[in-house]
Amino acid sequence: MEYQVGSFQTPVRMRSSALLETSCGYLLQELQMIWNEVGEDQFEREKVMLDLEQECLEVYRKKVDSANVSRARLHQELAEAEAEFTHLLLSLGERSLPGRPEKMTGTLKEQLDSITPALREMRLRKDDRVKKYRAVQGQIQKISAEIAGQPEYNDSSMATVNENDLSLKKLEEYQVDLQRLHNEKNERLQRVEKYIDKVHNLSAILGMDSSMIITKVHPSLNELSGMSKNISDSILAKLNSTVESLEEEKQKRLEKICQLGRALTNLWNLMDTPSSDRQLFSHVTDLLSVSSAEVSNPETLTPIIIQQAEAEVKRLDHLKASKMKELFLKKQNELEEICNKSHMEIPSQSEMDNIINLLNSGEIDHADLLMSMDEQITRAKEEASSRKSIMEKVERWMMARDEERWLEEYNRDENRYSVSRGAHKNLRRAERARITANKIPALVDLLLAKTKSWEEERKKVFLYDEVPLLAMLEEYNMLRYEKEEEKQRQRDKKKVQSQVIVEQENMFTSRPGTSNRRPSNRSLNGGLSNAMPLNRRLSLGIQHLGSNSINSATQGISFIKEGGKAQGEKMFARLSLASHLRDETASVVSTFSGPVSP
């Protein structure tokens, strides 16, 4: 411990002797005297001395740091001044400032003092250049606003200037752009004036108020408004649209006048109108050979002139309406005759009555009406020609159905085999009717194929007396199939009855003492008596189904509306069975009707 204390004593004396040479040495000497008087421990003395040295170092360091900060600030101010000066040179498009040395020497303050006047000069030049830019750009923005149709632009100080590029070259570019905008503005003003002149001329020809039309486009276009004219694209487009609409109206009225003039000429020629009456509307007929561009006289195409011409045409039309009405009725009868003959849809009576009312009121052009009727007659003839082959087969089918119904009624007659006057003729007709009825399925299938092909080609439904023919045919097939099923049930019932009869006959033949001839006659009579009711039941079933087929056209429509398509597919899937049943039915009818002679 003593070594440590001794080790501290020598540095303290050395430092004390060093400090005595300074102003702080006196204070340190006084501090040692106090320590000696107090008897301060050597370790505490060393500690206090270290603290004093540390505090002195901190004071020196703060001063040095403050000096460094001041120097750095001068460096920064000098760098910022040089950077600003360089930036101003670049933004103004200049290489250097006369009178300023390329390289600066001396202290930092001297260098800063030397660059400050040059920087002040460059700032003044910048402010002057910005004012010029703002004035040019303000004019550009003002004219651009006028061209764009925005509110009038007055405050040029609000123009945004890019201070990073203030070169004279850029300023010249802005001035060129400004001159271009001035030229465009003048060109737009000329276009506006041309449009306004056209509006005035067209309005005078059409008898319209040009001032109201121009004000409707934009109030500034009216000279009485006192505002600068709006020359924006939208206004030019509106003016162009207005002129085009007026020209279209002019062309439309000219065409209307020419149409009325031609109608007047035709009516005058038809009725031999004297020239004195024609002279009243010479201003209308004079326009027949004039183009729209040649019409330039004011009040030439006013609504009053058109109304007067229309009234005259209407008056003359009433005179010839009666003659045209007779011709229309004649063509109507011709069209109805074609439609009735081919069982096509006839124009409704209400529609024809409406046309007649229009004829009477003069609201329809007679020549157009007759031309339309001729076109309808031509289309009706063409459609009737395309339906001809189908209609021939439909007529055959209708006659075959009549024969089929007659055969059903004939089969229901219990006395058809009796020996009476004319019975042999009925039997021969029944045979012919049976042959015809057997051909009906093939005829119906052919009609279905032809009708579907016709509908696919024409893209429309084939109507027979306003009823779809396909629905009639499919309904007929369904009813015929139901007949065949009924006949099959009757044949099955007959087989059961026949077995019962055979069993009864066997019982009679097994009895002793019975003559051979008597059972034979009974068996024959029994067989005939059972065959006749079966035939009669078949006839009744056919009659019942035949009576249902009378309204097949109406049922065909309901068949389509209520899911007939699905039933039709199911029905066609069973056609082969229906054909087989049909052949068996024909054989049964032949069996019971064939052996009887007339």
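In this text the structure is predicted, and so the values were computed from the model without any measurement. (Residues numbered from 1 in each chain as written. Predicted model: local features only at pLDDT ≥ 70, side-chain atom pairs only at ≥ 80, totals over all residues. Heavy atoms only, no water.)

Caption draft 1: The arrangement of the overall build of the chain in detail. Each helix and strand counted, the chain has 19 helices and 2 strands in total. For the chain, buried positions account for 34% of its 598 residues. Taking the contacts inside the chain whose residues are at least 6 apart along the sequence as the reference set, 76% of them involve residues at least 24 apart. Counting only carbon and sulfur atoms, one obtains 52% of the accessible surface of the chain, whose full area is about 37,400 Å². (Helix = DSSP H or I, 4+ residues; strand = E, 2+ residues; numbered from the N terminus. Buried < 20%, exposed > 50% of the residue type's maximum accessible area, 1.4 Å probe, protein only. Contact = heavy atoms within 4.5 Å. Areas by Shrake-Rupley, 256 points an atom, 1.4 Å probe, with all protein chains shown as cover.)

Caption draft 2: Geometry of the confidence of the model for the chain. For the chain, mean pLDDT is 75; residues scoring 70 or higher make up 73% of the total. Note that residues 1-20 has pLDDT below 50 and, in this model, 19 contacts with residues that lie over four places away or in other chains. Across residues 512-598, confidence stays below pLDDT 50; counting only partners more than four residues off in sequence or on other chains, it has 111 contacts. (pLDDT = per-residue confidence, 0-100.)

Caption draft 3: Structural detail: the pattern of salt bridges. One pass over the full model with this rule turns up 25 salt bridges. Across the pair Glu184 and Arg188 runs a salt bridge, and its minimum N-O distance is 3.2 Å. Of the two residues, Glu184 and Arg188 both sit in helix H5 (residues 168-206), 4 residues apart, roughly one turn of that helix. The salt bridge partner of Glu408 is Lys483, with a shortest N-O separation of 2.7 Å. Of this pair, Glu408 sits in helix H12 (residues 366-412) while Lys483 sits in helix H15 (residues 469-509), placing them 75 residues apart in sequence. Side by side, Glu408 and Lys483 carry an identical accessibility label, which is buried. Connected via shared salt-bridge partners are Asp177, Arg180, Glu184, Arg188 and Asp233. (Salt bridge = Lys/Arg side-chain N within 4 Å of Asp/Glu carboxyl O.)

Caption draft 4: Looking closely at a positive patch on the surface. Side chains of Arg421, Lys425, Arg428 and Arg432 sit close together on the surface and give a patch of like positive charge. By the element assignment, Arg421 lies in the loop between H12 and helix H13 (423-438). For Arg421, a relative accessible area of 87% gives the class exposed. (Patch = residues over 30% accessible without salt bridge, like charges linked within 9 Å, V, L, I, M, F, W, Y side chains within 5 Å. Lys, Arg positive; Asp, Glu negative; His and termini not counted. Charge placed at Lys NZ, Arg CZ, Asp CG, Glu CD.)

Caption draft 5: Region of the structure containing the side chain of Thr451. Topologically, Thr451 is positioned in helix H14 (residues 440-458). Residue contacts for Thr451: discarding those within four places in its chain leaves Ile390, Phe462, Leu469, Leu470 and Leu473.

Caption draft 6: Structural context of the packing of aromatic side chains. Inspection of every chain in the model, using the stated rule, returns 4 aromatic pairs. The interplanar angle of 80 degrees and the centroid separation of 5.7 Å between the aromatic rings of Tyr133 and Tyr174 together place this pair among those described as edge-to-face. You can see Tyr133 sitting in helix H4 (residues 108-148) and its partner Tyr174 sitting in helix H5, a full 41 residues away along the chain. We classify Tyr133 as buried; its relative accessible area is 1%. Relative to Tyr410, the ring of Trp406 has its centre 5.2 Å away and its plane inclined at 10 degrees; by these criteria the two rings are stacked. With Trp406 and Tyr410 both in helix H12 and 4 residues apart, the pair spans about one turn of that helix. Judged by relative accessible area, Trp406 falls into the buried class, the value being 18%. What makes Tyr410 buried here is its relative accessible area of 8%. One cation-aromatic arrangement involves Arg401 over Trp397; the distance from NZ or CZ to the ring centre is 4.8 Å. (Phe/Tyr/Trp six-rings, centres within 6.5 Å; stacked < 30°, edge-to-face > 60°. Lys NZ or Arg CZ within 6 Å of the ring centre and 35° of its normal.)

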